[in-house]
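Chain by chain, the residues:
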Number of protein chains: 2
Amino acid sequence: MADPLSGALPQPADFAPPPDAATRRRWTEADRAQRPARLAALRSRLAAEGIDAYFGMRPEHMRWVTGFTLAEGEEKVASHSGQFLVGADEVILLTDSRYTIQARREAPAAVVDEIGYSLPDRWAGLLARVGARRVALETAVVPHALWQRLEAAAPDVEHVPVDGWLEAMRAVKTADEIERIAAACAVADRALAALLPHIHAGVTEHDLALRLEWLLRTGGAEALAFDVACLGGPEAALPHGAPGDRPVRAGAVLLFDFGAQVDGYRSDMTRTLFVGDPSERDLAVYEVVRRAQLAVIEELEARVSSTPLPDGLALDGVARAVIEHDGRWPAYGHGLGHGIGLATHELPRLGQTATADPLPSPTVFSVEPGIYLEGETGVRIEDLVHLDASRGLLDRLTLFPRTVIALDVGRSSGGGAPSLW
Amino acid sequence: MADPLSGALPQPADFAPPPDAATRRRWTEADRAQRPARLAALRSRLAAEGIDAYFGMRPEHMRWVTGFTLAEGEEKVASHSGQFLVGADEVILLTDSRYTIQARREAPAAVVDEIGYSLPDRWAGLLARVGARRVALETAVVPHALWQRLEAAAPDVEHVPVDGWLEAMRAVKTADEIERIAAACAVADRALAALLPHIHAGVTEHDLALRLEWLLRTGGAEALAFDVACLGGPEAALPHGAPGDRPVRAGAVLLFDFGAQVDGYRSDMTRTLFVGDPSERDLAVYEVVRRAQLAVIEELEARVSSTPLPDGLALDGVARAVIEHDGRWPAYGHGLGHGIGLATHELPRLGQTATADPLPSPTVFSVEPGIYLEGETGVRIEDLVHLDASRGLLDRLTLFPRTVIALDVGRSSGGGAPSLW
């Protein structure tokens, strides 16, 4: 490309290629090998609390505990399929006939029970089978009506509300899990780099979002972590806005918030680019956000080997302090970040509503401060970081540069269809 | 194309083009115009039951009642944003700072209240504001833990579990809603027709699913109704299977189950095609499924003006009777069909677990019998139909042919990148 900025622009080849088939097979094997330890940890907690069985409902728990997978949102049409009961000796995976073959294939270590569409009808029998007198249920996700029907179906069994057990276990990641999150980050980094030549004045947010999705889906992602956000100028002030038919304008910001899913594990990144020459105000906002994010990273680096580890409430305060000390613009109203893995948002939580509990380790979470000026502009910078206290390690998994990138919009789009088939 | 079958293959131009901008504006206006009547119907039911307010949580209810939209699965990260409280005089739409601007824009008739991330802290005040002494909550979706915290936060207010109120109202569709479902059907019909030339031996299920998704997303769909299923040969026996890296084989079936979303409204269709020469067994299975579906359509046509209308339990029995009378293979284990609209699965329900209540009208639902032979083959045929008793009308909205389509796999793929940009 001829323009003077192009040499400095990130290129797809700057980032790791998608995982090969051998790597994916290794991950599958690693999951299989780790599931007994996951179950042992869950059973040990059950034993410590005097509970005999655990009933799981979250799709990410299904996959982590049993191997059974549902697509995003599929749980809404899957009835009870994938829900599972962990007893002392066995894991019972519930299905209806639509999912039975898949369940046997994906969860060979579980007992697949085709219960059909009514769990209450089978509940007492299931509990009796695993000998449960006290059963733990995920109170944050079990619908109230189902809870009541299950209690009524097995009145002699105590239904114990539990919250965050598997979430806390899953927040501590194994090397194989972190590898997959890093791979999902690289897929996202590469895709954004490949998109840059297509960003020009006049192309719509919607078209850029669709093209970025295409680059993700043909570049190693089996799915998106969530719908791509591409928001220009004042739209970037909507932290969860959706791309529109608005054309990209020179002199405005262009914010991308997106993530890939690789072998079940997700990434999440935000970059705020500049189309044409940035305004002084936008550049100044960007610089404050960049410094706020950097302050968090530096705090993490400084304290990664300390005991206790920093907490999500204090880290949020570190980013907020930078923005407040600058004083020109209000800090973000959302949280500083969130854990990520099989779900896009999981533990740990970082923000004003987080607890002062030290971060888990090893773990992966986002660091994503922002400044939003309604009707004017918005800037957010989001990276995933991997924290491992035992190795004194704080690694960025998102490697796309955070420097100011101002795209020369006089440049042509490169035209034509993406040659991805 | 040179092969003798091509002339008979459906072409994209056989189906309606995607809606233009004027049509979409008309739909937006129609929604705005209809919301007061929707609210009036809800308030009238509240009054009849002596309840003062309704708390809504389902994303499809958010859109129908207020106009606020979330992407598929976004409710998992949106905290309470989009949830709403309908009182006698106002609708309060809850948000946190991430969604406030969007809420004001999409739901101008609602009072947007940025409650942040903890609903229980604000619950008593919200109920007091609308003067509620009895509040209805959607017991099928409110998590048990939230229910308990809300009850504790407003102990003087009676929390009344309700189920299916808005679902039943939404099952009865207006002309503007049916237009959008029909448009989503046409987008899907066109996309499958455009895909046919790309189906050849050796291409994988995954590649065909991705290409079909691309054709949908660039052909008028703002999103998928659900992940595309493309399943070849024995995989077609998995009613909810996911496409794999399995190459398409001649002499086997190839099942596509997919849907488009147009202006929020969804379609859902299944076609089972034949790659190369069909086996006699597969053809015979197909014929039984086709006859089972046709029997349901004919029953609906015969009874569309009768009182009462047929019910979902009896209609399921009509399809099942055809398969059982044939006697060679077992009938499907899933339901016969489901309503569809802003959600992929909604009321009415048709199947063995459906009630004997007459169908609503006007309404839209799927008719999708199947036969699944584990390890061997699977066939399902699914169309959406529009039933309107007052006009004596039973219309298929899915227009892609249901005749046997055997694809000549000797044909080349047409090659190259889709010229869709």
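Residues numbered from 1 in each chain as written. Chains lettered and ligands numbered in written order. Predicted model: local features only at pLDDT ≥ 70, side-chain atom pairs only at ≥ 80, totals over all residues. Heavy atoms only, no water.

(A) Inspection of the overall build of chain A at higher detail. From N to C terminus, chain A includes 10 helices and 20 strands. Taken over the C-alpha trace, chain A has a radius of gyration of 23 Å; the compact-globule value for 421 residues is 22 Å, and the two agree within 12%. The dimensions of chain A, computed from C-alpha atoms along their principal axes, are 70 × 50 × 40 Å. Evaluated residue by residue, chain A yields a buried proportion of 58% over its 421 residues. Counting contacts in chain A only where the partners sit at least 6 residues apart, residues at least 24 apart contribute 69% of the total. (Helix = DSSP H or I, 4+ residues; strand = E, 2+ residues; numbered from the N terminus. Rg over C-alpha atoms; globule rule 2.2 N^0.38 Å. Buried < 20%, exposed > 50% of the residue type's maximum accessible area, 1.4 Å probe, protein only. Contact = heavy atoms within 4.5 Å.)

(B) Representation of the packing of helix 9 (residues 280-303) of chain B against helix 10 (residues 312-326) of chain B. Residues and elements named next belong to chain B. Two elements in contact, helix 9 and helix 10, have axes whose closest approach is 8 Å; the angle formed by their N-to-C orientations is 145°. As for the relative orientation of helix 9 and helix 10, their crossing is right-handed in sense. Residue-level contacts link Val288, Arg291, Ala292, Ala295, Val296, Glu299 and Leu300 of helix 9 to Leu315, Val318, Ala319, Val322, Ile323 and Asp326 of helix 10. Residue composition of the contact of helix 9 with helix 10, by class: 10 nonpolar, no polar and three charged. (Axes fitted to C-alpha atoms, helices over the stretch in contact; angles between N-to-C directions. Left-handed = near helix turned anticlockwise from the far one by under 90°. Nonpolar A, V, L, I, M, F, W, Y, C, P; charged D, E, K, R; others polar.)

(C) Focus on the domain arrangement of chain A. Residues and elements named next belong to chain A. Under the domain assignment, chain A is made up of domain 1 (50-170) and domain 2 (173-420). Across the boundary between the two partners, domain 1 contributes seven residues, which contact 10 residues of domain 2. Where domain 1 packs against domain 2, one counts three salt bridges. For aspartate 263, the salt bridge is made with arginine 63, and the minimal N-O distance between the two is 3.4 Å. The tally of links between domain 1 and domain 2 comes to five residue pairs in polar contact (both at pLDDT 80 or more). Looking at the side of domain 1 that touches domain 2, the elements that each hand over two or more residues are helix 2 (59-65) and helix 6 (165-171). Residue classes in the side of domain 1 that touches domain 2 are distributed as two nonpolar, no polar and five charged. (Domains from an automatic or database assignment. Salt bridge = Lys/Arg side-chain N within 4 Å of Asp/Glu carboxyl O. Polar contact = N/O pair within 3.5 Å; in protein donor to acceptor, adjacent residues only side chain to side chain.)

(D) Looking closely at the sheet that holds strand 10 (residues 260-262) of chain A. Ordered by their spatial adjacency, three strands build an open sheet running 7-10-11 (chain A), and the pairing between neighbours is antiparallel. A single partner strand is all that each edge strand has here, and the edge strands are strand 7 (223-224) and strand 11 (265-266) of chain A. (Pairing = 2+ DSSP bridges.)

(E) Summary view of the pattern of salt bridges. Residue and element names in this part refer to chain A. For the structure shown, the criterion picks out 74 salt bridges over all chains. For the salt bridge of arginine 380 with aspartate 257, the shortest nitrogen-to-oxygen distance reads 2.7 Å. Taken together, the residues arginine 380 in strand 17 (residues 377-380) and aspartate 257 in strand 9 (residues 252-258) connect sequence positions 123 residues apart. When salt bridges with common partners are traced through the structure, they connect Asp31, Arg38, Arg63, Arg180 and Asp263 into a single cluster.

(F) Local environment of the sheet that holds strand 3 (residues 91-95) of chain B. Residue and element names in this part refer to chain B. Pairing in this open sheet of six strands is mixed, and the strands run 4-3-2-1-5-6 from one edge to the other. Because the sheet does not close on itself, it has two edges, and the strands there are strand 4 (111-114) and strand 6 (158-162). On average, each strand axis in the sheet is inclined to that of its neighbour by 25°, with strand direction left out of account. When strand 1 (residues 53-56) meets strand 2 (residues 84-86), the two strands line up antiparallel, connected through three bridges. Residue tyrosine 54 lies in a different strand from strand 2, and its bridge partner there is valine 86. Seen against the sheet, helix 5 (residues 144-153) touches strand 5 (134-138) and strand 6 and runs at an angle of roughly 150° to strand 6.

(G) Structural detail: the relation of the copies chain B and chain A. Of the transformation placing chain B onto chain A, the axial shift is 0.0 Å and the rotation is 180°, giving an RMSD of 0.0 Å. Taken together, the turn and the small shift mark the pair as related by a two-fold rotation axis. An overlap of 100% is found between the interface residues of chain B and their copies at the interface of chain A, pointing to a shared contact surface. (Least-squares fit on C-alpha atoms with pLDDT ≥ 70 in both.)

(H) Inspection of the packing of helix 7 (residues 175-195) of chain A against helix 8 (residues 205-217) of chain A at higher detail. All names here are of chain A. As a packed pair, helix 7 and helix 8 sit with axes 9 Å apart at the nearest point and diverge in direction by 135°. Overall, the two elements helix 7 and helix 8 adopt an arrangement that is oblique. Helix-helix and strand crossings are classified by hand; for helix 7 and helix 8 the assignment is right-handed. Where helix 7 approaches helix 8, its residues Val187, Ala188, Ala191, Leu192, Ala194 and Leu195 are matched on the opposing element by Leu208, Arg211, Leu212, Leu215 and Leu216. Looking at the contact of helix 7 with helix 8 residue by residue, the classes come out as 10 nonpolar, no polar and one charged. (Parallel < 35°, antiparallel > 145°, perpendicular 65-115°, else oblique.)

(I) Here's a closer look at the interface of chain B and chain A. Between chain B and chain A, the residue contacts involve 48 residues of the former and 48 residues of the latter. Counting the contacts that link chain B with chain A gives 10 salt bridges. Between the two partners, chain B and chain A, sit 21 residue pairs in polar contact (both at pLDDT 80 or more). Those elements that place two or more of their residues in the side of chain B that touches chain A are helix 3 (100-106), helix 5 and helix 8 (205-217) of chain B. Element by element, the count of residues in the side of chain B that touches chain A is highest for helix 8 of chain B, at six residues. Here the side of chain B that touches chain A is composed, by residue class, of 19 nonpolar, 14 polar and 15 charged.

(J) Spotlight on the pairing of strand 6 of chain B. Residues and elements named next belong to chain B. With five bridges joining them, strand 5 and strand 6 adopt parallel strand pairing. Along strand 6, the bridge assignment pairs valine 135 with histidine 159. One crossover worth recording links strand 5 to the parallel strand 6 by way of helix 5, and it is right-handed. (Right-handed = clockwise from strand over helix to strand, strands pointing away.)

(K) How the structure looks around the packing of aromatic side chains. Residue and element names in this part refer to chain B. With the rule as written, the count across this model stands at 11 aromatic pairs over all chains. For the ring pair phenylalanine 55 and tryptophan 123, a centre distance of 5.1 Å and an interplane angle of 75° mean the geometry is edge-to-face. In this pair, phenylalanine 55 is assigned in strand 1 and tryptophan 123 in helix 4 (residues 119-129), connecting sequence segments 68 residues apart. There is no split in this pair, since phenylalanine 55 and tryptophan 123 are both buried. For the cation-ring pair, arginine 320 lies above tyrosine 332, with the distance from its terminal atom to the ring centre recorded as 4.1 Å. (Phe/Tyr/Trp six-rings, centres within 6.5 Å; stacked < 30°, edge-to-face > 60°. Lys NZ or Arg CZ within 6 Å of the ring centre and 35° of its normal.)

(L) Fine view of the environment of Phe68(A). Considering the arrangement of structural elements, one finds Phe68(A) in the loop between helix 2 and strand 2 (84-86). It is 22 Å that separates the C-alpha atoms of Phe68(A) and Gly259(A), two residues lying 191 residues apart in sequence.

(M) The environment of Glu60(B), seen in detail. All names here are of chain B. Relative to the helices and strands, glutamate 60 is located in helix 2 (residues 59-65). Overall, the relative accessible area of 13% leaves glutamate 60 in the buried class. Residues glutamate 60 and glycine 264, spaced 204 residues apart in sequence, show a C-alpha to C-alpha distance of 8.9 Å. Beyond its immediate sequence surroundings of up to four residues, glutamate 60 is in contact with Arg170, Leu342 and Ala343.

(N) Highlighting the side chain of Lys173(A). Within the element layout of this structure, Lys173(A) appears in the loop between helix 6 and helix 7. For Lys173(A), the side chain forms a polar contact with the main-chain oxygen of Arg170(A), separated by 3.2 Å.

(O) View of the confidence of the model for chain A. Residues and elements named next belong to chain A. On average, residues of chain A carry a pLDDT of 94, and 95% of them reach 70 or more. Contacts from residues 1-6, a stretch scored under 50 in pLDDT, to residues over four places away or in other chains number nine contacts. Long-range and interchain partners of residues 411-421, a stretch whose pLDDT sits below 50, account for 33 contacts in this model, where long-range means more than four residues apart. (pLDDT = per-residue confidence, 0-100.)

(P) Helix 8 of chain B, seen in detail. Over its 13 residues, helix 8 of chain B runs 18 Å from end to end, which matches the ideal 18 Å to within 8%, given 1.5 Å per residue. For helix 8 of chain B, the tally of buried residues reaches 11 of 13 residues, placing the bulk of the element in the interior. Where helix 8 of chain B is concerned, the buried positions are Glu205(B), Leu208(B), Ala209(B), Leu210(B), Arg211(B), Leu212(B), Glu213(B), Trp214(B), Leu215(B), Leu216(B) and Arg217(B). Its buried side turned inward, helix 8 of chain B meets helix 8 of chain A together with helix 7 (175-195), strand 7 (223-224), strand 8 (229-232), strand 9 (252-258) and strand 10 (260-262) of chain B. (Expected span 1.5 Å × (residues − 1).)

(Q) Broad picture of the side chain of His334(A). With respect to the helices and strands, His334(A) occurs in the loop between helix 10 (312-326) and strand 13 (337-339). A polar contact is formed between the side chain of His334(A) and the side chain of Tyr372(A), at a distance of 2.7 Å. When near neighbours in sequence (up to four residues on either side) are disregarded, His334(A) contacts Pro239(A), Arg320(A), Glu368(A), Gly370(A), Tyr372(A), Arg380(A), Ser97(B), Arg98(B) and Tyr117(B).

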